[in-house]
Amino acid sequence: MRVKAQVGMVMNLDKCIGCHTCSVTCKQVWTNRPGTEYVWFNNVETKPGLGYPRRWEDNDQWRGGWELDKRGRLRLKAGGQLQKLLKIFWNPNLPTIDDYYEPWTYDYETLITAPLSERDPVVRPHSQLTGKQMEVKQGPNWDDMLAGAPETAGQDPDLRGIQDHVKFAYEQAFMFYLPRICEHCLNPSCVASCPSGAMYKREEDGIVLVDQDKCRGWRFCVSGCPYKKVYFNHKTGKAEKCTLCYPRIEVGLPTICAETCVGRIRYLGLVLYDADRVLEAASTPDEKDLLNAQLSVFLDPEDPEVRAQASRDGIPDDWLEYARRSPVYALAMRYRVALPLHPEYRTLPMVWYVPPLSPVVNALEGDGYEADPDDVFPAIDMMRIPVAYLANLLTAGDSEVIKAVLHRLAAMRAYMRKRQILDETDSEVARAVGMAPPELEDMYRLLAIAKYEDRYVIPKAHTELAQRLSEQPGTCGLDFEGGPGNCGALPRPEESLNERFMMLRQLPVVGPEAAGK
Amino acid sequence: MRLASTFLWVVLPYSAMVLFVAGHIWRYRYDKFGWTSRSTQLLEGRWLAWGSNLFHYGALAAIGGHVLGMLIPTQLTQAVGVSEPDYHLISAVAGSAAGIACVVGFVILVARRAYFPRVRRTTTPIDVATYVLLALLIGLGLAETLAVNAFGGGYNYRDSVAIWFRGLFILDPRPQLMATAPIIYQVHAAAAWLLYALWPFSRLVHVWSIPLQYIGRPYILYRRRYPALRR
C-alpha cells in the first residue's frame, strides 16, 4: 500500500442550470490570451449533444485513453511508445481547430467610428486565426439547449445502442447539462502519451500539469486524453490544460469554476488512494467493473491502518483530517451517488458526477402537474431513456448502477418531503435504498443545503516545507546537526515569496524560528 | 580568390560552429519556453500528413546518407568490402529516393504554408530565412544526386568535400579541396553552414528534442511540488 492524496471534484448534475458562469470565469482567469482563444478548460455541454470538441467521446475515432490488449494488459489506445515516435511528424488522431471551432472577435471600433447614417452600424465577426472577416458556423457551445438537436444530436456517441429509442421531437426530448473540466485522472493517459516527459501528476494533491519549459509541442497529450481536455496553444506551440486552479487550491480556496458556480453544484475534497493498485484497477477486464475497481483503490480515511501508512508516506496529519470530512469521498464512497465520467476510458478519472434525476421526473410531470413521489421509483425502472443514456455516460453502460443512484436520490426527496411536510421519519424508504435515516439527512444537507464549508474541504499546501527548502541553498552551510552553528542573521523569508497575491498575505509567514532548525 | 576561398571554407564554417554551439547554449538557458517544433497541425492537418512525413523521413534518410558519405572515409568502406562502384550505386539510388521524398515533402509544406491563411499567419521572418536556406540546401542536394551522380558524369565528393569537412573538425582546414569542387557542391556546402548558424535561433532546435528517452519510460510520471528535504 502506497497512500497518496488526490484533490477530487464532484458535480451534482441535478442542480446545474447551464448558466456557463463557470466557463466564463475560468476563461477570464486562464485562457484569455492569444493562442488560447478557442480553449475552454471548463465548458458546459448540453446532453444529448455533440459536445466540444465535436464528438469528443468517440474514441474509436480519436483513440484517446487506454484499452486492454489481447492478453489483458493495459496499453494506450493510440499505440505504445515506439508507435508514437514513428508518428511524431504527424499525429493521425489530433483534432483540428475546426473540430473545436474557429475563434472570432468583432471589430467593435466600428460602433464608435461609423459615420452618422440611417441604419445602425453592424460589427462583423473576424477570425482570430487569420484576421479576415468570417462567417460564424460553429462555436464552443453550438448545441446549447438542444439547438439543432433534430439534425445533429443523433450523432452523440452516448446514444450508441439506443438510437432507435431516442426522439428529438419537442414533446419527447430530454436534456441536462454536463460541465466538464480536466479529470485529473489517477491513471492519466495524457501523461503517459507525452514523449517529452513534460506532463506529470503532482505527488501531493494529484493535480495533472504541463511543464511549459519541457513541453516540445509533440501534441500526443491532446489526442491521448479521451476527454479532450488538453489543448494546444497555437501561438506558443505548447500544450495547456486545466490546472485545477492549483494556486487557489494550495491556499485552501476552491477552483474558480467551483467558487463562482451559482447553482452550488460543485464539491471539492480529498480522496486517499493506493497508488500501488492503480494499474491493477485500470486493467479490470470488464468495463462495467471499472467503477467498483476504482472505488476499491480509494482508501478509508477512518481506517487506522490507512492513517498509519499515510503518515509514513508523508501525508500531513491535518490532511488526514480533511480527508475524513471530504465531500467527494462521502458522495462517491459513503452514499454511492457520484459516478465517474466514462470509466471505460480506463484513466480512473477524479471528477465525478451525481446523475440528474430531473429528466426522469420531468418526463413524468406533464403540463404543470407535479409527479407523485410514489410514481418516481417505478418510473426509474421503466424508463429506458434517459437511464440507458446516463449509463453510457457514467457507468460504461450499466443501467443498474444508474437506477440504484437515482433510487437513492428519489428516496432522499421522498424522505425529506415527509419529514418536512408531515414531520414523519420514514425509515422504510431509507431502508429500501440501503441507507439509514441519518445518512439520508446528511446526504440531503450536503446535496440540497450545500453550505460553502461543506462543499469545499480543501487543505492548505504545506508551503513551510518550501520555505525551509529555499533557505537551504546559498544560506548557511554550517547550520547542520552537530555543525559549528549559525552563520548569522538569515534574510526574512517573505522576500522569497515571489507570488504576491492578496490571498497569500493571509498566510502566516513561517520564519526560520518557527520552521525549526 | 584565395581570400574568398579562405573565407568561405574556413572562416564561415568555424563562425557557424561557434554560433551553433553558443546559440544553443544561450537558447536553452534563456528560452526553454520557446523551444518547440511550433507545429501547425491544429490549424491544418491533411496536407501536413503528406508534407511533414515525406519531408521528415526524407530528411532523416538524407542525413543518414551524409553521415555515410561525409564522415566515413573511403578507405573504411572499402575495407569492409564496399567497392567504389558499389558505393556509388547505393548512394545514387538511396540518395535519390531520400532526396525526392524530402523535396516533394518540402514543396507540399511550403505550398501549404502559402495557401492556408491560418498557417501563413504563423510564419515568422526567421521561418522564412530557414525555408530559403532549406530550399537551397535540399534542392541542390537532390540536383547533385540526380544530375551529377545518378545520370551525369559523377563527381567523387568523398575525395574532396568529405576530406575538407572532416578536416575542419581535426583543426586541419584545407580550403583548396573545396575551391576546386563544382559550383553546385560549393553553394550546397555554404548554404549548409549558413543554416547551422541560423539553427539555434530557429524552430529547428526541435530536432534535438527527439524524445528517444520516451522508449521504455514508465508511463505515469509523478513530481513533488518540493523535492524531499535534505536532512
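J.: Explanation requested: the overall build of chain A in the structure shown.
T.: Helices and strands together make up the secondary structure of chain A, namely 24 helices and 15 strands. Looking at chain A as a whole, 45% of its 517 residues qualify as buried.

J.: Is there a simple way to explain the overall build of chain B in this structure?
T.: Within chain B, the regular secondary structure consists of 9 helices and 1 strand. Going residue by residue from the N terminus, the α and β elements of chain B occur as α-α-α-α-α-α-α-α-α-β. Taken over the C-alpha atoms alone, chain B extends approximately 60 × 50 × 40 Å along its principal axes. In chain B, which comprises 231 residues, the proportion classed as buried is 26%. Taking all contacts inside chain B whose residues are at least 6 apart in sequence as the whole, residues at least 24 apart take part in 83%.

J.: What is the right way to look at unusual backbone geometry in this model?
T.: Excluding glycine, most residues fall at negative phi; most peptide bonds, likewise, are trans. All names here are of chain A. In this chain, Lys47 is followed by Pro48 through a cis amide linkage whose omega measures 0°. Considering the arrangement of structural elements, one finds Pro48 in the loop between strand 2 (43-47) and helix 2 (59-62). Following Tyr52, the chain continues into Pro53 via a peptide bond in cis, with omega recorded as -10°. Looking at where Pro53 falls in the secondary structure, it is placed in the loop between strand 2 and helix 2. Phi angles above zero are rare outside glycine, and His342 is one such case at about 50°. Following the sequence through the fold, His342 ends up in the loop between strand 14 (339-340) and strand 15 (351-354).

J.: Please explain the sheet that holds strand 1 (residues 3-12) of chain A as it appears in this structure.
T.: Across a sheet, strands are paired by hydrogen bonds formed along the backbone, either parallel or antiparallel in direction. Residues and elements named next belong to chain A. Read across the sheet, 5 strands follow the order 13-12-1-15-14 without closing on themselves; strand pairing throughout is mixed. The open sheet has two edge strands with one neighbour each: strand 13 (298-299) and strand 14. Relative to strand 15, strand 14 runs antiparallel, the two being bridged by 2 bridges. Residue pairing for strand 15: Pro340 is matched across the bridge by Trp352.

J.: Help me understand the nonpolar core, please; the structure alone is not making it clear to me.
T.: Among soluble globular proteins, nonpolar side chains are generally buried collectively. By size, the foremost hydrophobic cluster in this structure holds 140 residues, and its most contacted members are Val10, Leu272 and Leu331 of chain A. Considering every element that reaches this core, the biggest residue donor is helix 19 (residues 399-421) of chain A, with 10 residues. When near neighbours in sequence (up to four residues on either side) are disregarded, Leu272 of chain A contacts Val3, Ala5, Phe298, Leu299, Pro301, Val306, Ala310 and Ala323 of chain A. Of all hydrophobic cores here, the second largest spans 31 residues; its members include Ala98, Val103, Met178 and Tyr196 of chain B.

J.: Sorry, what's going on with the interface of chain A and chain B here?
T.: How big an interface is tends to be expressed through the accessible area that disappears when the partners come together. With 43 residues of chain A in contact, the opposing surface of chain B contributes 37 residues. Summarising the sheet, strand 8 (residues 199-202) of chain A and strand 1 (residues 222-223) of chain B pair through 2 bridges and their orientation is parallel. When the bridges of strand 1 of chain B are listed, Lys201 of chain A appears paired with Tyr222 of chain B.

J.: Looking at this structure, how should I read the pairing of strand 2 of chain A?
T.: Regular strands show a simple pattern: their side chains alternate between the two faces of the sheet. Residue and element names in this part refer to chain A. Burial within strand 2 is extensive, with 5 of its 5 residues counted as buried. Of the two faces of strand 2, both are covered, the one formed by Asn43, Glu45 and Lys47 as well as the one formed by Val44 and Thr46. Where strand 2 meets strand 7 (residues 176-180), 5 bridges bridge the pair, whose relative direction is antiparallel. Within strand 7, the residue paired with Glu45 across the bridge is Leu178.

J.: Would you take a moment to explain helix 12 (residues 290-297) of chain A for this structure?
T.: An α-helix turns once every 3.6 residues. As a result, residues three or four positions apart point the same way. Residues and elements named next belong to chain A. Of all the residues in helix 12, the buried ones are Leu290, Leu291, Ala293, Gln294 and Val297. For helix 12, the angular spread of buried residues about the axis comes to 165°, placing them on one side. Of the surrounding elements, those touching the buried residues of helix 12 are strand 12 (266-274), helix 11 (278-282), strand 13, strand 14 and helix 19.

J.: Help me understand the confidence of the model for chain A in this model?
T.: Parts of the model with low pLDDT should not have their predicted coordinates read in detail. Mean pLDDT over chain A stands at 89; residues scoring 70 or higher make up 87%. Across residues 489-517 of chain A the pLDDT falls below 50, and counting only partners more than four positions away or on other chains, this stretch makes 26 contacts in the model.

J.: Would you explain the pairing of strand 15 of chain A in this entry?
T.: Residue and element names in this part refer to chain A. On strand 15, burial covers both faces: Val351 and Tyr353 on one face and Trp352 and Val354 on the other are all buried. Looking at chain direction, strand 1 and strand 15 are connected through 4 bridges and run parallel. Across the sheet, Val10 pairs through a bridge with Trp352, a residue of strand 15.

J.: I keep staring at the packing of helix 4 (residues 84-115) of chain B against helix 6 (residues 125-150) of chain B and nothing clicks. Help me out?
T.: Two measures define how a pair of helices packs: the angle their axes make with one another and the distance between the axes. Residues and elements named next belong to chain B. Relative to each other, helix 4 and helix 6 sit at 145°, their axes nearing to 9 Å. The two elements helix 4 and helix 6 cross, and the hand of that crossing is left-handed. Residues His88, Ser91, Ala92, Gly95, Ser96, Gly99, Ile100, Cys102, Val103, Phe106 and Val110 of helix 4 form the contact with helix 6, whose participating residues are Tyr131, Leu134, Ala135, Ile138, Gly139, Gly141, Leu142, Thr145, Leu146, Asn149 and Ala150. Per-class residue counts for the contact of helix 4 with helix 6 are 13 nonpolar, 9 polar and no charged.

J.: What am I meant to see in the sheet that holds strand 9 (residues 208-210) of chain A here?
T.: Spatial strand order, 9(A)-8(A)-1(B): 3 strands in an open sheet with mixed pairing. Either end of the sheet is taken by a strand with one partner, and the two such strands are strand 9 of chain A together with strand 1 of chain B.

J.: Mind showing me how you'd approach the environment of Leu195 of chain B here?
T.: All names here are of chain B. With respect to the helices and strands, the residue Leu195 is situated in helix 9 (residues 183-198). For Leu195 and Leu133, which are 62 residues apart along the polypeptide, the C-alpha to C-alpha distance reads 6.2 Å. Sequence-distant contacts of Leu195, defined by excluding residues within four places in its chain, comprise Leu133, Leu134 and Leu137.

J.: Which parts of the structure should I look at to understand helix 15 (residues 327-334) of chain A?
T.: Residues and elements named next belong to chain A. Counting buried positions over the 8 residues of helix 15 gives 6, a clear majority of the element. Buried residues of helix 15: Pro327, Val328, Tyr329, Ala330, Leu331 and Ala332, and no others. One or two steps after helix 15, the chain reaches Arg336, where phi turns positive at roughly 55°.

J.: How should the confidence of the model for chain B be read in this particular structure?
T.: Residues and elements named next belong to chain B. Chain-level statistics for chain B give a pLDDT mean of 94 and a share of 97% at 70 or above. The element-level mean pLDDT for chain B is lowest in helix 3 (residues 74-79), coming to 91, with helix 9 highest at 97. The ipTM value of the predicted complex is 0.93, and its pTM value is 0.90.

J.: Could you clarify how one ought to interpret the environment of Ala191 of chain B in this entry?
T.: Residues and elements named next belong to chain B. By secondary structure assignment, the location of Ala191 is in helix 9. Here the alpha-carbon distance between Ala191 and Leu133, two residues 58 residues apart in the chain, equals 6.1 Å. With near-sequence residues (within four places) excluded, Ala191 lies in contact with Leu133, Leu136 and Leu137.

Conventions we followed
- Residues numbered from 1 in each chain as written.
- Chains lettered and ligands numbered in written order.
- Predicted model: local features only at pLDDT ≥ 70, side-chain atom pairs only at ≥ 80, totals over all residues.
- Helix = DSSP H or I, 4+ residues; strand = E, 2+ residues; numbered from the N terminus.
- Buried ≥ 20, exposed ≤ 12 C-beta atoms within 10 Å, placed from the backbone.
- Contact = placed C-beta atoms within 7 Å.
- Pairing = 2+ DSSP bridges.
- Core = buried A, V, L, I, M, F, W, Y, C linked by C-beta atoms within 7 Å.
- Arc of directions from axis to C-beta.
- pLDDT = per-residue confidence, 0-100.
- Axes fitted to C-alpha atoms, helices over the stretch in contact; angles between N-to-C directions.
- Left-handed = near helix turned anticlockwise from the far one by under 90°.
- Nonpolar A, V, L, I, M, F, W, Y, C, P; charged D, E, K, R; others polar.

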